[in-house]
Protein chains: 2
Amino acid sequence: MTTTPNNGAKNHKWVYLFTDVAQAEQAVGGEWEGVRALLGGKGANLAEMTRIGVPVPPGFTVTTEACNAYLANHNTFPEGMWDQVLESLKDVEKQAGKKFGDAKNPLLVSVRSGAKFSMPGMMDTVLNLGMNDETAASMVNLTGDERFVYDAYRRLVQMFGSVVMNIHDEAFEDYLTVVKKEKGVNSDTELNAADWKKITEEFKKIFKQEIGKPFPEDPFEQMKLAIEAVFKSWNGKRAIDYRNAAKIAHDLGTGVNIVTMVFGNMGDTSGTGVAFTRNPATGEKVLFGDYLMNAQGEDVVAGIRNTQPIAELEKDSPKVFAQFVDIANKLEAHYENMQDVEFTIENGNFWMLQTRDGKRTARAEIRIAVEMAEEGVISRQVAVQRVKPAHISQLLHPQFDLEQKKASVQSGRMIASGVNASPGAAVGVVAFDADLAEEWGKAGKNVIMVRPETKPDDVHGMLASKGILTSRGGATSHAAVVARQFGVPCVCGAEALNIDVKSRIMTVGESVVREGDVISIDGSVGEVFVGEISMVEPDFERETYLQTLLGWADEIRRLDVYANADYPADARRAREYGARGIGLCRTEHMFFQEERLPIVQAMILSAPNSDQEAVELEKLLPFQQDDFYGIFKAMDGLPVIIRLIDPPLHEFMPDHEQLLVRATELRAKGDNPKELAHVEEMMHAVEALREFNPMLGFRGVRLGILRPGINAMQARAIFKAACQLVKEGVDVHPEVMIPVTGHKNEVKIIRELVERIGKEVMAEENVTLKYKIGTMIELPRAAITADEMAEYAEFFSFGTNDLTQTTFGISRDDAEGKFLLEYVETGILPANPFQVIDEAGVGYLVDLAAKKGRATRPGIEIGICGEHGGDPQSVHFCHRVGLDYVSCSPFRVPIARLAAAHAALEDLGK
Amino acid sequence: MTTTPNNGAKNHKWVYLFTDVAQAEQAVGGEWEGVRALLGGKGANLAEMTRIGVPVPPGFTVTTEACNAYLANHNTFPEGMWDQVLESLKDVEKQAGKKFGDAKNPLLVSVRSGAKFSMPGMMDTVLNLGMNDETAASMVNLTGDERFVYDAYRRLVQMFGSVVMNIHDEAFEDYLTVVKKEKGVNSDTELNAADWKKITEEFKKIFKQEIGKPFPEDPFEQMKLAIEAVFKSWNGKRAIDYRNAAKIAHDLGTGVNIVTMVFGNMGDTSGTGVAFTRNPATGEKVLFGDYLMNAQGEDVVAGIRNTQPIAELEKDSPKVFAQFVDIANKLEAHYENMQDVEFTIENGNFWMLQTRDGKRTARAEIRIAVEMAEEGVISRQVAVQRVKPAHISQLLHPQFDLEQKKASVQSGRMIASGVNASPGAAVGVVAFDADLAEEWGKAGKNVIMVRPETKPDDVHGMLASKGILTSRGGATSHAAVVARQFGVPCVCGAEALNIDVKSRIMTVGESVVREGDVISIDGSVGEVFVGEISMVEPDFERETYLQTLLGWADEIRRLDVYANADYPADARRAREYGARGIGLCRTEHMFFQEERLPIVQAMILSAPNSDQEAVELEKLLPFQQDDFYGIFKAMDGLPVIIRLIDPPLHEFMPDHEQLLVRATELRAKGDNPKELAHVEEMMHAVEALREFNPMLGFRGVRLGILRPGINAMQARAIFKAACQLVKEGVDVHPEVMIPVTGHKNEVKIIRELVERIGKEVMAEENVTLKYKIGTMIELPRAAITADEMAEYAEFFSFGTNDLTQTTFGISRDDAEGKFLLEYVETGILPANPFQVIDEAGVGYLVDLAAKKGRATRPGIEIGICGEHGGDPQSVHFCHRVGLDYVSCSPFRVPIARLAAAHAALEDLGK
């Protein structure tokens, strides 16, 4: 908070020359933030550039304190301020060799607002203060360029009128249009000196007409009014609204910068431009921007004439260019960042009018950070810190061209939004079933598979698609889980969509999308568009700057990063992305594959613990063993945590309602008793497995205990694969994980089972193997009794998806489409707890369990394998509570590596 | 553990006369438990009776230490023991005026085993030790009753042979049968002196034949062998098995009691009997039992002759009876409990042979405890402590006649078991739908409604039924919740039952039950029987002893007891049962009533927050207001906690599958487009409400926030009813409870809504009202953040049903029929956590939340309203963690009152 010191203190310093920056720094106690607060961002930067020897036109800043004092004191300048302005002006006159209001060699200045934070709604710039009829005439003499002088003069009247006196700009512009029409010309450039002189006169009339007073010819009056206008604009409605929205304090005040005018339109050795010190799209270290000789800054912005790329300047004016490069380096070294600058060349002299950190793409941010570190401008830590997780996210997912997307939104082609279930953008033709999606996909078409919701037997179609769109289900729905697993962009639960699979049509409001029509979906934000939006594709291997940066991040972070991967290909990708282990391998996903599902179903339908069950399990064994073999091999030397079967068995069975409909149809028609009998049999089997709340039902370890054959088969597959690889000289680190546990006895029973199988297999294979057995912590009771769980578990892995569901008592699939979004939007919850870990609730349990687990078993390995493992804020949390690793989808591994480094830097107070 | 002191110590005391009890007490340090350990239960009691002046035949006890020493020392008596036996025998001879083995006036004794705990498998009693040919002859002289003497002698040979020497009893009995056949008689009583004499001789031959040695004529040899046999029986297989099963230590040893024989069969002034000091069925204070003059104890037990009720003894022998009454009072005063005794009258002299605490019914336990306290025999605290919750439970639910039930089980009429969802027994005819159940019920039939599962529109049938039986769903299924609510016995999830509603038939294995057939169900244990089992009905008002006892319990307990009640009638019953408030009034149960359900459905189908919704809510208002009016009135002066709407809306809608089947049928037939359109519309509405995991879905406060009109209507109904009653002079204490909260902001929002309505209504009615607003704590997150919840909640009520579901991640409906029973049976879980609170997991959260809640709001009112509120063990837990009250179903209020008193007594170390 900026306090307003004794307004009456005559000696209080209200005005700082750009050359006085050291004094300003002293006044605020040496902090750069303090200087920015006192002088405003623009003023501070102008002063700072002055200090480091960058050519800035002479000038000074009236402080934000003065603004506050003015506003507090019924719009009266604080005592001494105006005198200090006049005094500073004298200094500036001395530097510029001109005098403000002088008839012979007049100094012109600009007045610009400048608060601590850049802020829309504040007063615009007013140029050319100091002009009046007298000084204009003398300037004509001095420059010999009457057209330039009256163009400048009319600009002052127009700007002063509209910006300072609040006259509608149309009042001036309308007249300008009339003149051009009269003269039969299109552009301002075609108007001559006489035209501008006449226009200046007319503008003054308009001014008087609108204000009731003549245009102030007195330059000091001009300056006084301009400064007051800046001060008042701090409390303008737009500024207040903006500050409320952006949560900027209302007592900061704005500074006022008075800067000597320099002109880029004084002939062929003059010019003006804007530039970045590096390429803001790629990050390449070259000056990047546009300029225009013999032009004013406004002309560049207005696009009245075609600008030149900065590279041309090197040819046009090698000396000026060299000076510019030198200044750019100086600024980067000083600000330790890429700069976005405005400059003017006046008669061959180079002047900087503004500098600030340049906006850039994610790609550029990463390259700039890496190269600046390599150049020694910043440290590697700063480089790591500067790159944000969102930058990596942007880089690594296919994404829409932003301009095109914006255009699509503006033209009303965005038809729905849903849950951002799997990130990335996708464009393709709509297919309403999996078979068609697969057919088209194999034929080389880009397909978006659209379904009300998906089922296991849709997976072949999903894998052949570029994107998946559903109208039901949340971020843990089948569609979402599979999509994330395979990195397919997915929007789900887009409830506005009316998907009529039978009629092969999707409607929403007036829009109708037919099968084969092109749509675009953005899984990163959950948006759906009709038509095509072009895309930018990622490629991690080619992202060498990112890889360098993440290498540095790895040196900084304490938290390890694993990946969730179910297939050898996933595991290889995860390793490529820098994963140091597999934190979650979901064995049941393998069950869904086409050739296996019938065996799985036969196994389920056989009596528990029967011979028939054993026969079917025996058939599954080689499949599982192959999968594990591939994953272990890909992760040579690194740990692989394999989770025993988790979901309820009905997930592997056909849909009950489909069976019911078919049975009812057959009954109504009565002509096919054989099929009816078959359908009814299957239906009864499915009914026996049905549950009211499957998420809280017969799954995970409960299934493992009551149908131990399944877990035994899985354990056998794990040990057989591992033993085989040991013989082949591969370094395997299997870890067997038990899901959905809530009591230590559950862990004990399965632990004993797995150990027994392990002994058997090792004896059969004559191999000795090191392995671990641990448990998921995904139910509150498991967390609360973690001390007991640790008696039998050698590692914990927090399943924060289920832990969040049970801790909140919220089914994600049901909630996200219904009340959860509303909860987040209206601020009932600060964030979606399925995306960002809920520290007060779920986090409490994670922290408690980690502490209790370590109390029982000090070296216990603890990680997290829920989706939060890839969320930066949640990674910070995991670091803080001292977990050993986070595990996330392969695509999010780079983000987690970076976030883990950031968390470690936070510990260092950075 | 009993230690064996130095066996070689000659002076160690191995034998105690009954008159030496003070010495025994000293030897063990004064503790009665020590005396029992040293002398065994029987010996200690015989000695104790001797001490308090109750006539006991003279005798002594060989200690358990002697037994242990004998067994430890290769079956050798410890040094000095036999000498002490002989010495003690001399003392006994002196008291009895007879001599052991004496030819003229022989002393006969019995030998009985007696360990610390009564224990099957130990050696049986041997009577009449001391007889041989010589003493028998002299006894004939003394008594002049040859038949008596040889009957006694042959008993000795038979018992000694079978019990001490392990001869199969058939060897003797077979011969007896032969003799009776030869003589053409049926019963022993028809045999004369000569017969018995001959039989004695023959028994001795059998003895010699079996053992290879003659029957020992030497009385001291008899005694030695008998004592050794008792010692050895301690390590017999049956005894060891029993101790293993009953978890009795193996090193206790058994005592041996040597007791002077007294004979009830010495003529008409002799007799024998067994009796309770009070009626063990009713508890009435009268001697209760049977006796037989001129008979031995065995004859009473064997039922050879018809026994007389004890009351007859008063007429037969008023003097002896008076002595008996006197002894009974003495024993009760000493043991502070009702006694079960054995006695013998020998020639008009009354002898006690055994006393122990008598077994009794629940009803008797309660009356005895109350009357003994009123008599001053025990304190009120002891009376309260002595009655167990199970006693009340037995008393207050209709229950089957135990003998009849046992017979039904034995005859294979128990056909299934399921979840004991609502306690009590019921008998009735099977009705397979609610309408028929209601029709029959109104016609006066006792009906058991049988359904695969029940729905809200079945409630009218359920209310008209005596019992409910389902094959699906657990203890929180609709059937179970409604049944408990109304105290209707219910067994649900009896999965073995194949209920075919269409064919009006239920099968299980071979059994077939048709509509109208009689079945019996026991909701207390979850059992189903075909046919009728007769019942005993409860009536709280008439249970005056129980009421007295519970009044004492109320004075002792700290924990308050509320009831869960949804209707005025429930509230009145709850109050009658002693509830001091309503802890949970479930508003939505009112929605299910016949006339209201269509309005509720119309409300649900109207757009959220629309005018139509408001219209329907307006229609519901008077219904709710009436309900609240009745409940508040019934609870005049006491708090009533009303929970706002809790379940997901689809529970109020028709079943989706029924609609789907109907729609499919109509589509297949294609002849009724109008009905099809209607069914499809309804179906789509239900689909929009469907959820994957409704338990974790759009319900409770989530519904309250997104459709605030419902809660607003409920709040209005509450305040209007309360204001009306205030005007009528009734003392109302409404408390509004918000369900399914997980974040303080949810509480805040609904709190503000309720407060606003409260203000409005109070202004309209011009009444000032005190009320509270609080929240359920039924999700782990609510418990963990209870400090924050308490910012807006004036009370907490733990919903331990849902809290258990979420903490364990177990859906009760799905689990109880599947894995939960197996978990409990195999010991994975110590108990069903839905019946007994899981202290380590759920209890941790309850304790945490109570502490956190009080930290924020010291006076916050905290209770529990889950079903655990009526479970004694859980009530103890609630007491320990310092809750203010427990709330349970009205029927369980008496149990909770007692359990709360027990918990308070525990604090006092009692």
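Notes on the structure in this doc start here. Not measured: the values here are computed from a predicted model. (Residues numbered from 1 in each chain as written. Chains lettered and ligands numbered in written order. Predicted model: local features only at pLDDT ≥ 70, side-chain atom pairs only at ≥ 80, totals over all residues. Heavy atoms only, no water.)

Considering the relation of the copies chain A and chain B
One copy of the chain maps onto the other through a rotation about an axis plus a displacement along that axis. For the pair chain A and chain B, the relating rotation is 179°, the translation along its axis is 0.2 Å, and the fit reaches an RMSD of 0.6 Å. Put plainly, the chains are arranged around a two-fold axis. The C-alpha atom lying nearest the rotation axis in chain A is that of Asn693(A); the distance is 1.9 Å. (Least-squares fit on C-alpha atoms with pLDDT ≥ 70 in both.)

Observations concerning the packing of helix α21 (residues 544–556) of chain A against helix α37 (residues 893–907) of chain A
Residues and elements named next belong to chain A. Two elements in contact, α21 and α37, have axes whose closest approach is 8 Å; the angle formed by their N-to-C orientations is 45°. Compared by their axis directions, α21 and α37 come out oblique. The two elements α21 and α37 meet at a crossing, and its hand is left-handed. Of α37, the residues touching α21 (which contributes Leu549, Leu550, Gly551, Ala553, Asp554 and Ile556) are Pro894, Arg897, Leu898, Ala901, Ala904 and Leu905. (Axes fitted to C-alpha atoms, helices over the stretch in contact; angles between N-to-C directions. Helix = DSSP H or I, 4+ residues; strand = E, 2+ residues; numbered from the N terminus. Parallel < 35°, antiparallel > 145°, perpendicular 65-115°, else oblique. Left-handed = near helix turned anticlockwise from the far one by under 90°. Contact = heavy atoms within 4.5 Å.)

A few points about the pairing of strand β2 (residues 59–62) of chain A
The side chains of a regular strand alternate, residue by residue, between the two faces of the sheet. All names here are of chain A. Judged by which residues are buried, β2 turns out to be covered on both faces: Gly59 and Thr61 on one side and Phe60 and Val62 on the other are all buried. Strand direction decides the pairing type here: strand β1 (residues 15–17) and β2, joined by 3 bridges, are antiparallel. Note on β2: the bridge partner recorded for Val15 is Val62. (Buried < 20%, exposed > 50% of the residue type's maximum accessible area, 1.4 Å probe, protein only. Pairing = 2+ DSSP bridges.)

Things to note about the sheet that holds strand β9 (residues 288–293) of chain B
Residues and elements named next belong to chain B. The 5 strands lie next to each other as β10-β9-β8-β11-β12, forming an open sheet whose pairing is antiparallel. On the outer flanks of this sheet lie β10 (308–309) and β12 (349–357), each paired with one strand and no other. Of the pairings in the sheet, the one linking strand β11 (residues 339–346) to β12 comprises 8 bridges and is antiparallel in character. By the bridge assignment, Gln339 is partnered in β12 with Asp357. Against the sheet, helix α13 (residues 318–335) contacts β8 (271–276), β11 and β12, and its axis sits at roughly 30° relative to β12.

Remarks on the packing of helix α14 (residues 362–375) of chain A against α21(A)
Residues and elements named next belong to chain A. Taken N-terminus to C-terminus, the directions of α14 and α21 make an angle of 60°; their axes are 9 Å apart at the nearest point. For the pair α14 and α21, the crossing hand works out as left-handed. Only Tyr545, Leu546, Thr548, Leu549 and Trp552 of α21 make contact with α14, whose side of the interface consists of Ile366, Arg367, Ala369, Val370, Glu371, Ala373 and Glu374. When the residues that make up the contact of α14 with α21 are grouped by side-chain class, the tally is 8 nonpolar, 1 polar and 3 charged. (Nonpolar A, V, L, I, M, F, W, Y, C, P; charged D, E, K, R; others polar.)

Some points on the packing of aromatic side chains
In this description, an aromatic ring pair is defined by two values, namely the gap between the centres and the angle between the planes. Using the criterion set out here, one finds 52 aromatic pairs over all chains in the structure. An angle of 10° between the planes, with centres 4.1 Å apart, marks the rings of Tyr562(A) and Tyr885(A) as stacked. Here Tyr562(A), found in strand β26 (residues 560–564), pairs with Tyr885(A), found in strand β33 (residues 885–888); they are 323 residues apart in sequence, far enough to count as distant. Judged by its relative accessible area of 1%, Tyr885(A) falls in the buried class. By way of ring pairs, the aromatic residues Tyr150(A), Tyr153(A), Phe160(A), Phe207(A) and Phe215(A) are connected into one cluster. It is Lys13(A) that lies over the ring of Tyr16(A); its NZ or CZ is 4.7 Å from the centre. The ring of Trp440(B) has Lys445(B) sitting right over it, with the charged end atom 4.2 Å from the ring centre. (Phe/Tyr/Trp six-rings, centres within 6.5 Å; stacked < 30°, edge-to-face > 60°. Lys NZ or Arg CZ within 6 Å of the ring centre and 35° of its normal.)

Some remarks on the side chain of Asp627(A)
Its location among the elements puts Asp627(A) in helix α25 (residues 611–634). Excluding residues that lie within four positions of it along the chain, Asp627(A) makes contacts with Pro568(A), Met590(A) and Arg596(A).

Some words on the sheet that holds strand β5 (residues 109–115) of chain A
All names here are of chain A. Spatially, 5 strands are ordered β1-β2-β7-β5-β6 in an open sheet, and the strand pairing comes out antiparallel. A single partner strand is all that each edge strand has here, and the edge strands are β1 and β6 (126–129). Here the strands of the sheet are splayed against their neighbours by 25° on average, with no regard to which way each runs. Packed onto the sheet, helix α2 (residues 32–51) meets β1, β2, β5 and β7 (254–260) and runs at close to 130° relative to β5.

Looking at unusual backbone geometry
One non-glycine residue, Asn166(A), lies in the positive phi region at around 65°. Here Asn166(A) shows up in the loop between α6 (146–164) and α7 (169–183). Judged by relative accessible area, Asn166(A) falls into the exposed class, the value being 64%. Positive phi outside glycine occurs at Val740(B), with the angle close to 60°. With respect to the helices, strands and loops of the structure, Val740(B) is situated in the loop between β29 (733–738) and α30 (744–765).

Observations regarding the pattern of salt bridges
Counting across every chain of the model gives 117 salt bridges over all chains. Among the salt bridges present, the one from Glu657(A) reaches Arg690(B), with a minimum N-O distance of 2.6 Å. A residue pair is termed interchain when its members come from two chains, as with Glu657(A) in helix α26 (residues 656–669) and Arg690(B) in the loop between α27 (673–689) and α28 (701–706). Owing to a relative accessible area of 26%, Arg690(B) belongs among the partly exposed residues under this scheme. A salt bridge links Arg699(A) to Asp802(A), with the shortest nitrogen-to-oxygen separation between them at 3.0 Å. Residue Arg699(A) is found in the loop between α27 (673–689) and α28 (701–706), and its partner Asp802(A) is found in helix α33 (residues 800–808); the two are separated by 103 residues along the sequence. (Salt bridge = Lys/Arg side-chain N within 4 Å of Asp/Glu carboxyl O.)

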